[in-house]
Amino acid sequence: MSYSMVNDDEETPLLQTKTKTKTKTKTPLPVGQVSVVLFILVAEPVSSAYIFPFINQLIGELGVTGGDDRKIGYYAGLIESLFFAAEATTVLQWSRLSDFIGRKPVILIGLLGSSLSNFAFGLSRTFGALIIRLVDRCIAGFLNGNVGVMKSIIGDITDHTNMAQAFAIFPAIFCIGSTIAPLYGGALAKPQDRWPELFPGEFWEKYPYFLPCAVSGSFTLFSFFVCVLFLKESLPSKTGQQHPQPDVPTIESPQDDALDAIDKRPIPITTLMKTYSVMIPIANYGILALVEIGFLVLLPLFYSAPIEIGGLGLSPYVIGTFLATFGVVDGIVQALFVARIIDRIGAKNMFCWAVFFFYPLTALFPIMSAVVVAQGKVGPITWTLVVLQLIFMVLMDMSYSVIFIFTTRAAPNKYSLGTMNGLSQTTTSIARAIGPALTTSLFAFSKEHNILGGNLIYVVLAGLTTVLVFLSRRLPELRDEE
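The sections below set out a description of the structure shown in this document. What you see is a predicted model; the values in this text were computed from it and never measured.

**Describing the pattern of salt bridges**
Pairing is possible between side chains of opposite charge, provided their charged atoms come close.
Line of reasoning, step 1. Summed over the entire model, instances satisfying the criterion amount to two salt bridges.
Line of reasoning, step 2. D99 is the salt-bridge partner of R103, the closest N and O atoms lying 2.7 Å from each other. Like R103, the residue D99 is buried in the burial classification.
Line of reasoning, step 3. Linking D156 and R103 is a salt bridge whose minimum nitrogen-to-oxygen distance equals 2.9 Å. Here D156 is found in helix 7 (residues 146–157), whereas its partner R103 is found in helix 5 (residues 103–123), with 53 residues between them in sequence. Side by side, D156 and R103 carry an identical accessibility label, which is buried.
Line of reasoning, step 4. Each of D99, R103 and D156 takes part in salt bridges that share partners, so that together they form one network.

So this is what it looks like as structure tokens:
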């Protein structure tokens, strides 16, 4: 199948399977607007992760489990997953809308809805408390399409020479937010018990979890005003700017010809979903999110599980310290080194190597379990393996910066960036909605029935990793010039 050269730069996809030796001078990164986007991005993990330290205790106090604490995990998991499930149903529509009305209005709606949701979550305490919280998390998810839209903004204001620099900071920002939010979420819960002189009165007794919710809501509201004052609209049809794009792709796909007929307007969703060069990055992103969320859920579960059932029996304090250390190290590495590594070895090579590290990450679980059982305690060898797992986690996490680049540059034109990122974000939201329940259930099922020596979950993760490794090899090479 051959492609003819076209004069209109805006209608051609950004992915390419052939490279050229000619290079282009790097375009200076628009630091001001990128900084605004990254600041607003912090509101995403802050709004979702602050409930983790106290959600189990909150559910127990509501009395919905009938005194059976074994059911707490079910309700807590339901509340935690509902946000992503609701987000999956609307994120494509929000991202698609941003291709028509602009990026900024959609982000403002998401920030305001998230802020109100956080405040409401802290105020629902007695009558129908569980239902109110479930609905509240659903509303937060329904109104939240910001991550995909913010990726679209980065795609709007960067080109292939500086896009990696911007996207390399995305995982670092999520690490910062995901590290800070649980810290204040746990520290500020039940403030009247800790600081009665600062928080007297009936209000703090009736709503003991309002303070961390208010902090998250206030930060998100502050981000709303930052967006109003400093974020500039970046949608090409609203700014009138032209964005040069590379030549047509050499990827063979019978559906790619449909893209040539559309000029300077968003591509129909059905056309995008039939286009090979579009769906391959999205498929990689979805499987990556599924494997990663499964691993992140399994990690604290394995660390806290008793040694007798194959865990490490670590205390919450040790686990929290380990995860906080990972967040700091991961953020620093992503921000300082990812863009440089991409420039040196290429985006595809880096992604293929990064996802490959899921294999040793998964293998270390049964290895550590065997070592602890043999020694009867967590000794120096086990701690060495824990540190090694931390290193592999950092290396694996580099895959996110790269897949952001692939999904952005797979857009047929700048006017379809919102739809493209909406499709990819929908896929990952679905993965993150089903991943936690699937992983924890398989872990419990493996241990309860001693399937494969209690290691069934690790075999499943390894199988999913194999699918991801295969798909990573199907990604096209990115052009070196545009």
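**What about the packing of aromatic side chains?**
Line of reasoning, step 1. Taken as a whole, this structure holds 23 aromatic pairs when the rule is applied.
Line of reasoning, step 2. Between W195 and F199, the ring centres sit 6.3 Å apart and the planes meet at 50°, which makes this aromatic pair tilted.
Line of reasoning, step 3. The class of F199 is buried, set by a relative accessible area of 16%.
Line of reasoning, step 4. Each ring, one from W353 and one from F356, has its centre 6.3 Å from the other, and the planes form 75°; the classification is edge-to-face. Of this pair, W353 and F356 both sit in helix 17 (residues 347–356), separated by three residues, roughly a single helical turn.
Line of reasoning, step 5. Counting every residue linked through ring pairs, the aromatic cluster contains F119, W195, F199, F203, W204, Y207 and F210.

**Observations regarding the environment of G418**
Line of reasoning, step 1. You can see G418 is positioned in helix 20 (residues 417–449).
Line of reasoning, step 2. Taking C-alpha positions, G418 is 7.7 Å from L97, a pair spaced 321 residues apart along the chain.
Line of reasoning, step 3. Apart from residues lying up to four places away in sequence, G418 is in contact with S95, R96, S98, D99, R103 and S152.

**As for helix 7**
Line of reasoning, step 1. Here helix 7 contains twelve residues, and its C-alpha end-to-end distance of 16 Å stays within 8% of the 16 Å for a straight helix at 1.5 Å per residue.
Line of reasoning, step 2. Of all twelve residues making up helix 7, eleven are buried, and the element is well covered by its neighbours.
Line of reasoning, step 3. Listing the buried residues of helix 7 in full gives N146, V147, G148, V149, M150, K151, S152, I153, I154, G155 and D156.

**Description of the packing of helix 18 (residues 358–375) against helix 21 (residues 456–473)**
Line of reasoning, step 1. In contact at an axis separation of 9 Å, helix 18 and helix 21 are set at 175° when each is read in the N-to-C sense. On the basis of their axis angle, the class for helix 18 and helix 21 is roughly antiparallel. Along the contact surface, helix 18 presents F358, Y359, T362, F365 and P366, while helix 21 presents Y458, L461, A462, T465, T466, L468 and V469.
Line of reasoning, step 2. Split by residue class, the contact of helix 18 with helix 21 holds nine nonpolar, three polar and no charged.

Conventions used here
- Residues numbered from 1 in each chain as written.
- Predicted model: local features only at pLDDT ≥ 70, side-chain atom pairs only at ≥ 80, totals over all residues.
- Heavy atoms only, no water.
- Salt bridge = Lys/Arg side-chain N within 4 Å of Asp/Glu carboxyl O.
- Buried < 20%, exposed > 50% of the residue type's maximum accessible area, 1.4 Å probe, protein only.
- Helix = DSSP H or I, 4+ residues; strand = E, 2+ residues; numbered from the N terminus.
- Phe/Tyr/Trp six-rings, centres within 6.5 Å; stacked < 30°, edge-to-face > 60°.
- Contact = heavy atoms within 4.5 Å.
- Expected span 1.5 Å × (residues − 1).
- Axes fitted to C-alpha atoms, helices over the stretch in contact; angles between N-to-C directions.
- Parallel < 35°, antiparallel > 145°, perpendicular 65-115°, else oblique.
- Nonpolar A, V, L, I, M, F, W, Y, C, P; charged D, E, K, R; others polar.

Nothing here speaks to function; it is geometry throughout.
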